[in-house]
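Coordinate analysis (summary)
The primary structure of each chain is shown beneath.
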Amino acid sequence: GVHRQILFTTVGWFVGYYLAKRTQYVHAKLDRELFEYVRQHPEDFKAAEKKRIGELLEDFYPVR
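Rules and cut-offs
Residues numbered from 1 in each chain as written. Predicted model: local features only at pLDDT ≥ 70, side-chain atom pairs only at ≥ 80, totals over all residues. Heavy atoms only, no water. Helix = DSSP H or I, 4+ residues; strand = E, 2+ residues; numbered from the N terminus. Buried < 20%, exposed > 50% of the residue type's maximum accessible area, 1.4 Å probe, protein only. Areas by Shrake-Rupley, 256 points an atom, 1.4 Å probe, with all protein chains shown as cover. Lys, Arg positive; Asp, Glu negative; His and termini not counted. Charge placed at Lys NZ, Arg CZ, Asp CG, Glu CD. Phe/Tyr/Trp six-rings, centres within 6.5 Å; stacked < 30°, edge-to-face > 60°. Salt bridge = Lys/Arg side-chain N within 4 Å of Asp/Glu carboxyl O.

**Details of the overall build of the chain**
Within the chain one finds two helices and zero strands. In the chain, which comprises 64 residues, the proportion classed as buried is 0%. Carbon and sulfur atoms make up 62% of the accessible area of the chain, which amounts to about 7000 Å² in all. Put simply, the chain has 11 plus and 9 minus side-chain charges, and the middle of one group is 11 Å from the middle of the other.

Below, the structure written as structure tokens:
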């Protein structure tokens, strides 16, 4: 009946809420660890030189 639908909806909402919070926690922890590694090893993550747009794109040859 209706009481089962309400029960399952409530249980599903709580499980989904927990899983969303757990996913956010795991990703935040991973981000924190990666940023700390980058901060401790700057020689491995040098800033790349800027390229002009012409250096990034291939030459255009129209096909006829």
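**Observations concerning the packing of aromatic side chains**
For the structure shown, the criterion picks out three aromatic pairs. Ring geometry for W13 versus Y17: centroids 5.4 Å apart, planes at 10°, classification stacked. In this pair, W13 and Y17 are both assigned in helix α1 (residues 2-40), four residues apart and thus about one turn of the helix distant. The exposed category is assigned to W13, whose relative accessible area is 54%. Residue class for Y17 comes out partly exposed when judged on its relative accessible area of 44%. Note on Y37 and F45: the rings are 6.1 Å apart at their centroids and 85° apart in plane angle, and the pair reads as edge-to-face.

**Examining the pattern of salt bridges**
The full count for this structure, using the stated rule, is one salt bridge. Residue E36 pairs with R39 through a salt bridge whose shortest N-O separation is 2.6 Å. Placement of the pair is E36 and R39 together in helix α1, with a separation of three residues, close to one helical turn. By relative accessible area, R39 is classed as exposed at 57%.

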